[in-house]
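Residues per chain, in single letters:
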Amino acid sequence: MANEAEFAHYTDQIAKAVIEVNATLRSVTYDLGDDQIGRVLGSRSDDLAMLRPGVDGLAAAELTVQRAEGAAVDPAKGNLVHTLAAYQGDVEAQSARIGGVQRTLGEQRTGTNPQDRHCLQAGSQALESAMKDLDRIEQLPGRATADVAKLRTGVEYLKNVVDVVDSRVDQMTAQLSEGRQAAYKFHTAAPGELEPSTDLGRTIGRMQDSIAKTRDNAQRLHADLAKSSAGFQSVAEFSVGVANGAHAEQQDAAEEAEQLADAVRAGVNPTARADQHPVAHQPESDLSRRLNGPAQEGGLKL
């Protein structure tokens, strides 16, 4: 075939991309579990529940204003404004903490820096490159084999999974934004623009609803990924097997070429057998070590 080096190079690149994506999906699966993002979202909802008594407190302050007469009116209004401002600050603080969850979800999609390869969008790009490498392989004489077709199927499967997961994580971020938008409207409003007790209760409800929707989506996505994890691992193992086979083929071809060169040299200038050196045994491939190594698992903090 005389294309062993190219075949080995392309399959090596494909296997690296698949291994990284497999590790990314394992990390995302872990982060979306109930003991990670579920626990944090639960804490955010509990924090908002602690603001619920404020609805009654504001209602009482509103009633005091309504009943106040004469010199008691201004102090009653002042107390209402002061109490409302305190709860506006509390809502703003809770919104900021929900923003922390959004940032964590964003990091799963885009990484912590532009060079981060262990995130969903970087994985998608790596798999796009892998499909281009598969196109190149299939143009090599004799390389459009059943194994290469199976490898393409696996890469396309992972690409679809990564893109769907990225979209679903983005949806969760948008759901949290719904609650944060309600919070922003509440904590930036002037006192005269609000019905204090009613709007506080409505805002807390919208924020908790957005958290509940996000948590439900996280649970379902976690379950889907966990159920499919064996399939991700299978694609990774197969890609490593193809790459290792390609490297072995390249090595055999190189040895044959070297033997032929030795034979030619021997015909011109014979070399004593004692001066000949055997080819060193090859250790376990770097790809195999990557595949068998532990996945880096993230985690959310309260």
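All values reported here derive from a predicted model rather than from experimental measurement. (Residues numbered from 1 in each chain as written. Predicted model: local features only at pLDDT ≥ 70, side-chain atom pairs only at ≥ 80, totals over all residues. Heavy atoms only, no water.)

Novice: Break down the overall build of the chain for me, with residues and values.
Specialist: Within the chain, the secondary structure is distributed over 8 helices and 0 strands. The secondary structure elements of the chain, listed N-terminal to C-terminal, are α-α-α-α-α-α-α-α. The buried share among the 302 residues of the chain stands at 42%. Of the contacts made within the chain by residues no fewer than 6 positions apart, 86% connect residues no fewer than 24 positions apart. Accessible surface, the chain as shown: approximately 16400 Å² in total, 50% of it carbon and sulfur. (Helix = DSSP H or I, 4+ residues; strand = E, 2+ residues; numbered from the N terminus. Buried < 20%, exposed > 50% of the residue type's maximum accessible area, 1.4 Å probe, protein only. Contact = heavy atoms within 4.5 Å. Areas by Shrake-Rupley, 256 points an atom, 1.4 Å probe, with all protein chains shown as cover.)

Novice: I'd like a description of the confidence of the model for the chain, backed by residues and values.
Specialist: Of the residues in the chain, 87% have a pLDDT of 70 or more, and the chain-wide mean is 90. Averaged pLDDT values for the elements of the chain fall to 72 in helix α8 (residues 286-292) and rise to 98 in helix α6 (residues 146-187). (pLDDT = per-residue confidence, 0-100.)

Novice: Before we move on, could you go through the environment of K132 and cite the residues and values that matter?
Specialist: Looking at where K132 falls in the secondary structure, it is placed in helix α5 (residues 120-139). With relative accessibility at 49%, the residue K132 sits in the partly exposed group. Along the sequence, K132 and Y10 sit 122 residues apart, while their C-alpha atoms lie 9.4 Å from each other.

Novice: Could you give an account of the packing of helix α1 (residues 4-31) against α5, naming the residues involved and the relevant values?
Specialist: The N-to-C vectors of α1 and α5 enclose an angle of 155°; their axes lie 9 Å apart at closest approach. Classified by the angle between their axes, α1 and α5 sit roughly antiparallel to one another. The two elements α1 and α5 cross, and the hand of that crossing is left-handed. Residue-level contacts link F7, Y10, T11, Q13, I14, A17, V18, V21, T24, L25 and V28 of α1 to L120, G123, A126, L127, A130, D133, L134, R136 and I137 of α5. Of the residues contributing to the contact of α1 with α5, the split by class is 14 nonpolar, 4 polar and 2 charged. (Axes fitted to C-alpha atoms, helices over the stretch in contact; angles between N-to-C directions. Parallel < 35°, antiparallel > 145°, perpendicular 65-115°, else oblique. Left-handed = near helix turned anticlockwise from the far one by under 90°. Nonpolar A, V, L, I, M, F, W, Y, C, P; charged D, E, K, R; others polar.)

Novice: Please provide a residue-by-residue account of the side chain of Q88, values included.
Specialist: In this structure, Q88 sits in helix α4 (residues 73-110). The exposure class of Q88 is buried, given its relative accessible area of 9%.

Novice: Residue-level account of the packing of aromatic side chains, with values.
Specialist: Summed over all chains, the structure comprises 1 aromatic pair. When the ring centre of F7 is taken as origin, the NZ or CZ atom of R143, which lies over that ring, is 4.0 Å away. (Phe/Tyr/Trp six-rings, centres within 6.5 Å; stacked < 30°, edge-to-face > 60°. Lys NZ or Arg CZ within 6 Å of the ring centre and 35° of its normal.)

Novice: Now, about the nonpolar core: what can you tell me, with residues and values included?
Specialist: Side chains of a nonpolar character, in soluble globular proteins, are inclined to be buried together. Counting 68 residues, the largest nonpolar core has L25, L32, V165 and L225 as its most contacted members. By residue number, the principal contributor to this core is helix α7 (residues 196-268), which donates 14 residues. With residues near it in sequence (within four places) discarded, V165 still touches L25, V28, L120, L221 and L225. (Core = buried A, V, L, I, M, F, W, Y, C linked by side-chain atoms within 4.5 Å.)

Novice: Lay out the environment of L134 with the relevant residues and their values.
Specialist: Position of L134 among the secondary structure elements: in helix α5. L134 sits 10 residues away from A144 along the chain, and the two C-alpha atoms are 9.2 Å apart. Leaving out residues up to four positions away in the same chain, L134 has contacts with I14, V148, L151, R152 and V155.

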